[in-house]
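Understanding the architecture of this molecule
Chain by chain, the residues run as shown.
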Amino acid sequence: MPRALFAGILLLLVVGETGAQQVADTMFAPEITAPAFQSGRGPTVFVDEAHHNFHTAGGRYLAFARLLRRDGYVVEPSARQFTPEMLREADVLVISNALAERNVEDWSLPTPSAFDEDEIIAVRDWVSEGGSLLLIADHMPIPGAAEKLAAAFGLLFINGFAFDSAQQTGTFVFRRSDESLADHPIIDGRSPAERVDSVVSFMGQAFRAVATVEPLMVVAPGTVLLMPEVAWEFSEKTPRLSAAGMFQGVALHFGRGRVAAFGEAAMFSAQVAGPEESKMGMNRPEAAQNPQFLLNVMHWLSGLLED
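Right, let's walk through the structure included here. (Residues numbered from 1 in each chain as written. Predicted model: local features only at pLDDT ≥ 70, side-chain atom pairs only at ≥ 80, totals over all residues. Heavy atoms only, no water.)

1. A closer look at the sheet that holds strand β17 (residues 278-281)
Stated formally: Pairing between strands is defined by DSSP: at least two bridges between them are needed. Comment: elements are numbered from the N terminus, with helices defined as DSSP H or I runs of at least four residues and strands as E runs of at least two.
Strand order across the open sheet formed by 3 strands is β1-β16-β17, with antiparallel pairing between neighbours. If you trace the sheet from one side to the other, it starts and ends with β1 (23-24) and β17, each paired once.

So, in structure tokens, the structure goes:
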């Protein structure tokens, strides 16, 4: 596919994905009309920062962490490897855009796992025993880094870039009205005021599932996955496959625990990029319901929303 086709995507995203100009929008503070918990009294949320994560609680996920804290959650960055002892201290574990050391500066194949086998077993067993996991992996090379962890829960992450050839843009809109935003308690919230009718994502990947999952975000027909050897380097020879019917968001029960998995990360951030401070994430006008969607996801992971 000619690179000119991706001009709109690159204009919006490439500065943030590959450059240091992308920073958190410190002014972003959407209203929370009914916090789920008293301040500092909610569940403990560990945000993984031990695996070269592109998003951290004090960095590109600052708005994410602040929103959860305003909802009453106790949000703590965690720079520790995953062990049974460490995980017992958390109610919810958030892993967003982890990378293997090899790919920190080199976004080309191969893309090894960011997690060793012991860590994957520890997380799997912790969820099975009642823990809650929010797993987020954006476009290549990040799905490769999370592939083995996702597979432990029956999720098949695909190491590519999701692209809607009809829109020729890096923005996807999932709507209740066309069922791309599926029927689920996360979409309904705890009350009519928390109902979500649309969610916006910014490229990312798409994935399949061999486990029994509850769809949240179903990609549209016409969506394709491009799988370059080097991130952002596309040509007519770049391998591709249809992503129709795949997911960008699902929820699932695993043993006594819960998992919510997403194939795009910026949708839960609020960032500005470049000298013009272009907005990307929850702070974009068309993504006005993304903050409530994030809170609803956390409420489901915390057991406040039942199936």
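2. A look at the packing of aromatic side chains
For clarity, the cut-off: Aromatic pairing here means that ring centres of Phe, Tyr or Trp (its six-membered ring) are within 6.5 Å. Orientation follows from the plane angle: under 30 degrees is stacked, over 60 is edge-to-face, and everything else is tilted. Type-normalised accessible area, obtained with a 1.4 Å probe on protein chains alone, sets the label of each residue: buried when under 20%, exposed when over 50%, and partly exposed for intermediate values. Put simply, a charge is over a ring when the Lys NZ or the Arg CZ is close to the ring centre, within 6 Å, and near the line of the ring normal, within 35 degrees.
Overall, the coordinates contain 12 aromatic pairs when judged by the stated rule. Ring geometry for F262 and F268: centres 5.1 Å apart, planes at 90°, overall edge-to-face. Neither residue differs from the other here; F262 and F268 are each classed as buried. Every member of this aromatic cluster is reached through a ring pair, and the members are F157, F207 and F247. Across the ring face of W300, the terminal group of R258 is positioned such that the distance to the ring centre comes to 4.7 Å.

3. Structural notes on the pairing of strand β4 (residues 92-96)
Definition in use: A clockwise course of the path from the first strand over the helix to the second, judged with the strands pointing away from the viewer, identifies a crossover as right-handed.
With 5 of 5 residues buried, β4 is to be regarded as a mostly interior element. Because side chains alternate across β4, one face comprises the buried residues V92, V94 and S96, and the other comprises L93 and I95, equally buried. Across 5 bridges, the pairing between β4 and strand β5 (residues 132-136) is parallel. Bridge pairing links I95 to L135 in β5. In this view, the connection linking β4 to its parallel neighbour β5 by way of helix α4 (residues 117-128) has right-handed handedness.

4. Regarding α4
Heads up, the rule is: Expected helix span is taken as 1.5 Å per residue step, with the number of steps being one fewer than the number of residues. Each C-beta atom gives one direction from the helix axis, and the arc is the one those directions make. Here a polar contact means two N or O atoms within 3.5 Å. Within protein one must be a hydrogen donor candidate and the other an acceptor candidate, and residues neighboring in sequence count only if both atoms are side-chain atoms.
Taking 1.5 Å of rise per residue, the 12 residues of α4 would be expected to cover 16 Å, and the 16 Å separating its terminal C-alpha atoms lies within 8% of that figure. E119, I120, A122, V123, W126 and V127 are the residues of α4 that are buried. All buried residues of α4 fall inside an arc of 160° around its axis, so they share one side. Residue D116 occupies the N-cap position of α4, its side-chain oxygen lying 3.1 Å from the main-chain nitrogen of D118.

5. A closer look at the sheet that holds strand β12 (residues 223-226)
What counts, and what does not: Here an axis means a line fitted to C-alpha atoms, over the contact stretch when the element is a helix, while the angle between two N-to-C directions is reported on a 0 to 180 degree scale.
Strand order in the open sheet formed by 3 strands is β7-β12-β13, and the pairing between neighbours is antiparallel. On the outer flanks of this sheet lie β7 (161-164) and β13 (240-242), each paired with one strand and no other. Adjacent strand axes in the sheet meet at a mean angle of 30°, parallel and antiparallel pairs treated alike. As defined by bridge partners, β12 adjoins β13 across 3 bridges and the pair is classed as antiparallel. Each bridged residue has a counterpart across the sheet, and for L225 the counterpart in β13 is L241.

6. Re the pairing of strand β15 (residues 257-262)
Counted residue by residue, β15 has 6 buried out of 6 residues, so it is predominantly covered. Across the two faces of β15 the burial is the same, with G257, V259 and A261 and R258, A260 and F262 all buried. Where β5 lies against β15, 5 bridges are found, and the strand directions are parallel. Bridged to I136 within β15 is F262. Where strand β14 (residues 247-254) meets β15, 6 bridges bridge the pair, whose relative direction is antiparallel.

7. Let's talk about unusual backbone geometry
Across the junction of L109 and P110, the peptide omega takes the value 0°, indicating a cis bond. Tracing the sequence through the fold places P110 in the loop between β4 and α4. P141 follows M140 through a cis peptide bond whose omega is 15°. In this structure, P141 sits in the loop between β5 and α5 (142-151). Positive phi, close to 55°, is recorded for N97, a residue that is not glycine. With respect to the element layout, N97 can be found in the loop between β4 and α4.

8. Digging into the layout of surface pockets
Convention followed: Only protein atoms enter the calculation, which uses a 1 Å grid: trapped sets of points that fit a 1.4 Å probe without letting it out are cavities, open sets showing protein on both sides within 12 Å along at least five of seven lines are pockets, and any residue with an atom within 4 Å of a point is a lining residue. Grid points are joined across faces, edges and corners, and a volume is the space filled by probe spheres set on the points. Only Asp, Glu, Lys and Arg are considered charged, only Ala, Val, Leu, Ile, Met, Phe, Trp, Tyr, Cys and Pro nonpolar, and every remaining residue, Gly among them, polar.
As a volume, the second largest pocket reaches approximately 150 Å³. In terms of residue count, the dominant contributor to the lining of the second largest pocket is helix α7 (residues 290-301) (3 residues). Across the lining of the second largest pocket, the residue classes tally to 7 nonpolar, 3 polar and 3 charged.

9. A word on the nonpolar core
Selection criterion: For our purposes a nonpolar core is just a set of buried Ala, Val, Leu, Ile, Met, Phe, Trp, Tyr and Cys residues, chained together by side-chain atoms within 4.5 Å.
Of all hydrophobic cores here, the largest spans 49 residues; its most connected members are L134, F262 and F293. Ranked by the residues each element gives to this core, the list is headed by α7, at 7 residues. The next biggest cluster of nonpolar side chains, apart from the first, holds 45 residues, and it includes F115, A150, W232 and F234.

10. Details of the side chain of E214
For clarity, the threshold we go by: Positive charge is attributed to Lys and Arg, negative charge to Asp and Glu, and no charge count is given to His or to the chain ends. In the sections that follow, a salt bridge refers to a side-chain nitrogen of Lys or Arg positioned within 4 Å of a carboxyl oxygen of Asp or Glu.
As for its position among the elements, E214 is in strand β11 (residues 214-218). This buried residue, E214, is left without a salt bridge; R258 holds the nearest opposite charge, at 7.4 Å. A distance of 2.4 Å separates a polar atom in the side chain of E214 from a polar atom in the side chain of H184.

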